[in-house]
Each structure stands twice: as C-alpha cells, then as structure tokens.
Amino acid sequence: MADNFRESKVDSDVEKDFASGTDSRDSSTHRFASGFRWGVEARGTVPVPEEDRQDTQFYKVFFVWFSMNFNILSFSTGALGPVVFGLGLRDSCLVILFFNLVANLLPAYLNTWGPKTGMRQMIISRYSFGYYGVIILTILNLIGLCGFNILNCILGGQALASVSNNNMSWTVGIVIIGLLSMVISFMGYKVLNWYERLAWPPVLLAFLVALGVGGKDLAYASVPPAQPATASAILSFAAVIAGFVITFSAMASDFTMYYDPNVSSRRIFLYAYLGYIVPIILLECLGAAAVLAAPSVPTWNAGYGPEGNVGGLLEAMLSPVGNFGKFLTVMLSLSVTANIACTLYSMCFNFQVMIPQLARVPRYVFSILSTAIGLPLSIVGAHKFYTTLTDFLSLIGYWASAYGAILLLEHHYFRKGDFTTYDQADWNVAKRLPWGAAAITASVLAFSLVIPSMNQVWFVGPIGERTGDIGFEIAFPLAGLLYVPLRTLELRYQQIN
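Reference entry: report on the structure contained in this document. Values in this document were obtained by computation on a predicted structure and should not be read as measured data.

### A short note on the pattern of salt bridges
Okay, so step 1: Evaluated as defined, the whole model comprises eight salt bridges.
Okay, so step 2: Two residues, D55 and K60, come together in a salt bridge whose shortest N-O distance is 2.6 Å.
Okay, so step 3: The exposure class of D55 is buried, given its relative accessible area of 13%.
Okay, so step 4: Taking the shortest distance from any N to any O, the salt bridge between D426 and R432 comes out at 2.8 Å.

As structure tokens, then:
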C-alpha cells in the first residue's frame, strides 16, 4: 500500500494544480490545504482530502442549482413546446412536469458523491471510463457547457437590448453578460456560493410583477392548439426537456466536493433535487403560457417579434409598470450570469482533465479562455435562437444519458455502492484505473440504436420518424445493459493490484 502511495505521488507531478504549491511534499503544503489563496479558489482537479472537507453549510447546494435555473433560459425552454412542437398549454406543462421529475433524479443523486469522494465529477468518471477514456467525455461536456453559455449570453443580451428600445445592439448586451459572468466564475467556490444565494430574489420579484400585471392576459394561453398533440411531438419535446437537465450530471459533484463527508446523502439529494425542479418546472410552464398568449396581446406580440425575442417579450410583460419594469428586465437579463458563472467554473476542470498537463495552469485562466470562445459564437448565433436551442438540447441529452447509466452500474453493481473503492491515491495513475474500454464500447454500441431513434432537423432516423425522438430514452437502458458484460470481461483481463 505504501508503494502504491509513493507511485501515485510520483505520477501526480503531471497533474499537480496551482493549489498544491511547488511540491506536494513541501512543508508549506498546509498553507494551501483548503485550495484558496487571497479569496480566489486555486484548487483544480486535485481531490480534496477528507480532513479538508469541512463545509457544513449544505443548504448552499440548493441555491447553486436554484439560481442557475431560475432564469430566462428555463423560461425559453418551456416556450419550445408551443413554438417548435405545436403543443398546447396542457400538453406542454404535462411533459415539462413529468420529464423534469424523472430526468432530474440522476444529477441530484450524483451531487451526493462529492462529499463522499472529494472529487470533481470528471475525476470520479475516471473510475468508470479510465484515465484516457474520460478525455472523450470532457470534449463532449465542454461542447455542451459552452453551448449552454452561448444560449444564456444570447438571452441576456436580448433582454438588455430590449430595455434600451434596441438602441443597444444584441452584441453589446451579449458581451456585457459574458464579461460579468467571467468575473464571478474567476473567484471560484466561495464567491460562487455567495453570489448564487443573492442572485435569485430580484429574479423572483421580476416574475411576480410580470404575473401581477400580466397574469390576466395569460388566460389567452388556454386556447386549444389547431392540431391535437401527436406522440412524435410530445416525445421530441421530452427529449429537449431531458437534454436541458440531464447534462447537469457531468458537473454535479463540482459543487459538493468540499462538504463534510459525514453528511446524509439523502439531505444533499433533496437540496439538489428541489434546486432543480422548483425553478425549472415553474418557469418552463410560464414560458409556454407566455408565448401561447403573446399573439393575442399586441404589446407582447410586438416585443416577441418574428425573431422570437424572449427578452423583448418579458420587457413587454413588465412595461405596464414603466421604468420599474425596465429595471426588472435588467434584473432578468442578469439572471443568466448565475448559470454562466457556474458553467464556466466547471469548464475549467474539464480542460484540465482533457489535457492533464494543463492542471499546472491556475483554474481561473480557463474561465477567461472559455469566455473568449463563447462570446463570438453567441454573437453569431444570436438571430437563430430557437433553432439553435432545439437542436442543441436534444443532441446533448444522448451522451449524458448513456454516461449516467454507466456511472450508476459501476458504482452499485461493480463497486457495491462502496465509496472507499474510489481510492484518492489512484485518481491520476492510469494503470490503477479501469482501462475504460468497457465504458466507451458500451456508449458507442448504444448509439447503434440511438441514431435510428433520433428525430432532429438535420437527421430523422427510421424509428424516430415513427415515434418522435426517443434517443435519450434508448441510450440509458441500452448503455447499461451493454456495460455489465463488457465491464465483467474488462475486469477479467485487467489486473489491478
């Protein structure tokens, strides 16, 4: 055991992060034990030792997820039911309710792994996908997280521009939102948790005022759709709803790894689960109702416009209260910063796992890099928002669904639910981690049935054409079924002492 520990110390030199100082065995290491320097979190992907997991303010995880989702992106996602899939209010809300209640179980559960392991989510994933196999996941996850940031920047920029009666361009608004979010994420864990606890009350006030002055007009949303809902439309909208939330699984433990390991997993699960479902379900249903009512309310319809300007719609809903309404619209535009900042935070670790040598680079440098990548893409995609949103949310749900199934089976079937089998000494020693062949092969083979089950603008499979998009529903059970025999075979041939 001592030899294994010394071996891990030698191999860890590649992935020592900025929090570890110049030498992991230096007597000054204790100075950096908490991973913070001058109030800025310096820790990157290095796991948090059990003695340093001392945070007992467990309720903070509720506010992280609540503020991340209590924004105009959730509102816009609900609007896709009527706008893109032609669903009425009842059908849209039923899909929103049911699929959110189910799809949020996975990311909420993975939040409970952070206190037990002290590891980032992509580091935990190495214990299933291997040291090198997880690189594929980080690439997919970075694409997904960057996509979320693009969508949020577009919405925030639209809302800011609408306040200025479009005297400010969407581009300027996007840049303002992106830079503010970068500054928040730059500071790391402590500042993020502080900000997420303060970000939601102005947003709540804005939506309450919108309901107070425009609630009577939402009655127009109850008009039945011209065509009855089809199974294809319902399942395709469900894929969008699931894609919106299930990808939180790949960043879940990033926000809980500092918590006391003795905390009840049920407590963390409930905090996280409520942090997901409360804002998402409420705002998605409100978004569906608002876009259905907009054609019957001239000011709302003018604000929404032919381009689907969600910020303009919200500004129109708040316009009866004059300048106060404009102030509240600004608050709504800033609501997306709570989401973008946390997403930038997780992107930092994905870069470091993707290229382990980058662990030597301070975490916050990648916040700047991620912002530099996301801003120009947001500006380019600003005028194709609904097309971008629909395609993106449907697509990212496929891989995340397979990923979740594999992690669950590895933990509960092969590791018997025992967190002590995630030895921190092995986190960056490739030969002491699984090969990852079983996990990657199961994921790839699952897509042999996922692809025919897709129903996208750019591709419609033969199964998806008949049923609607059921790709994520197929990915989860099929990847799990394939993983069990493949992992059994992998364990037979891979000898880990």
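### With respect to a nonpolar patch on the surface
Okay, so step 1: Residues L97, F98, L101, V102 and L105 make up a contiguous nonpolar surface patch of roughly 420 Å² in combined accessible area.
Okay, so step 2: The element that contributes the greatest number of residues to the nonpolar patch is helix α4 (residues 89–103), accounting for four residues.
Okay, so step 3: Structurally, V102 is set in helix α4.

### Digging into the packing of helix α10 (residues 189–214) against helix α15 (residues 323–334)
Geometry of a packed helix pair, given as the angle between the helix axes and the separation of the axes.
Okay, so step 1: Between α10 and α15, the shortest axis-to-axis distance is 9 Å and the interhelical angle comes to 140°. Classed by the angle they form, the pair α10 and α15 counts as oblique. Taken as a pair, α10 and α15 cross one another with a handedness that is left-handed. Taking contact as the criterion, the partners of Y195, P202, V203, L205, A206, F207 and V209 in α10 are, on α15, F324, L328, M331, L332 and L334.
Okay, so step 2: Of the residues belonging to the contact of α10 with α15, the class tally is 12 nonpolar, no polar and no charged.

### Some thoughts on the state of the cysteines
Okay, so step 1: Counted by the stated rule, this structure contains zero disulfides.
Okay, so step 2: Free of any disulfide, C93 has its nearest neighbouring cysteine sulfur in C285, separated by 3.5 Å.
Okay, so step 3: Note on C146: no disulfide assigned, nearest cysteine sulfur contributed by C153 at a separation of 9.1 Å.
Okay, so step 4: According to the relative accessible area criterion, C146 is buried, its value standing at 9%.

### Regarding the nonpolar core
Generally speaking, nonpolar side chains in soluble globular proteins are found buried as a group.
Okay, so step 1: By size, the foremost hydrophobic cluster in this structure holds 146 residues, and its most contacted members are W65, F207, W300 and L313.
Okay, so step 2: When near neighbours in sequence (up to four residues on either side) are disregarded, F207 contacts F70, I72, F75, L283, L286, L314 and L332.

### What to know about α15
Okay, so step 1: A rise of 1.5 Å per residue sets the reference length of α15, with its 12 residues, at 16 Å; its end C-alpha atoms lie 17 Å apart and thus fit the reference within 8%.
Okay, so step 2: Residues G325, L328, T329, M331, L332 and S333 constitute the buried set of α15.
Okay, so step 3: In the core, the buried residues of α15 are packed alongside α3 (72–85), α8 (134–163), α9 (170–187), α10, α14 (310–318) and α16 (336–354).

### With respect to the packing of aromatic side chains
Okay, so step 1: As enumerated under the stated definition, the model contains 36 aromatic pairs in all.
Okay, so step 2: For the ring pair F70 and F207, a centre distance of 6.0 Å and an interplane angle of 50° mean the geometry is tilted. You can see F70 sitting in the loop between α2 (60–69) and α3 and its partner F207 sitting in helix α10, a full 137 residues away along the chain.
Okay, so step 3: Ring centres of F414 and Y483 lie 5.8 Å apart, and the angle between their planes is 85°; on these two criteria the pair is classed as edge-to-face. Of the two residues, F414 is situated in helix α18 (residues 385–414) and Y483 in helix α21 (residues 471–493); the sequence distance between them amounts to 69 residues. For the pair formed by F414 and Y483, the shared burial category is buried.
Okay, so step 4: One aromatic cluster is present, formed by Y59, F62, F63, F66, F70, F75, W200 and F207 through successive ring pairs.
Okay, so step 5: In this structure, R120 packs its charged tip against the face of F349, placed 3.7 Å from the ring centre.

Scoring rules and cut-offs
- Residues numbered from 1 in each chain as written.
- Predicted model: local features only at pLDDT ≥ 70, side-chain atom pairs only at ≥ 80, totals over all residues.
- Heavy atoms only, no water.
- Salt bridge = Lys/Arg side-chain N within 4 Å of Asp/Glu carboxyl O.
- Buried < 20%, exposed > 50% of the residue type's maximum accessible area, 1.4 Å probe, protein only.
- Patch = residues over 30% accessible without salt bridge, like charges linked within 9 Å, V, L, I, M, F, W, Y side chains within 5 Å.
- Areas by Shrake-Rupley, 256 points an atom, 1.4 Å probe, with all protein chains shown as cover.
- Helix = DSSP H or I, 4+ residues; strand = E, 2+ residues; numbered from the N terminus.
- Axes fitted to C-alpha atoms, helices over the stretch in contact; angles between N-to-C directions.
- Parallel < 35°, antiparallel > 145°, perpendicular 65-115°, else oblique.
- Left-handed = near helix turned anticlockwise from the far one by under 90°.
- Contact = heavy atoms within 4.5 Å.
- Nonpolar A, V, L, I, M, F, W, Y, C, P; charged D, E, K, R; others polar.
- Disulfide = S-S within 2.5 Å.
- Core = buried A, V, L, I, M, F, W, Y, C linked by side-chain atoms within 4.5 Å.
- Expected span 1.5 Å × (residues − 1).
- Phe/Tyr/Trp six-rings, centres within 6.5 Å; stacked < 30°, edge-to-face > 60°.
- Lys NZ or Arg CZ within 6 Å of the ring centre and 35° of its normal.

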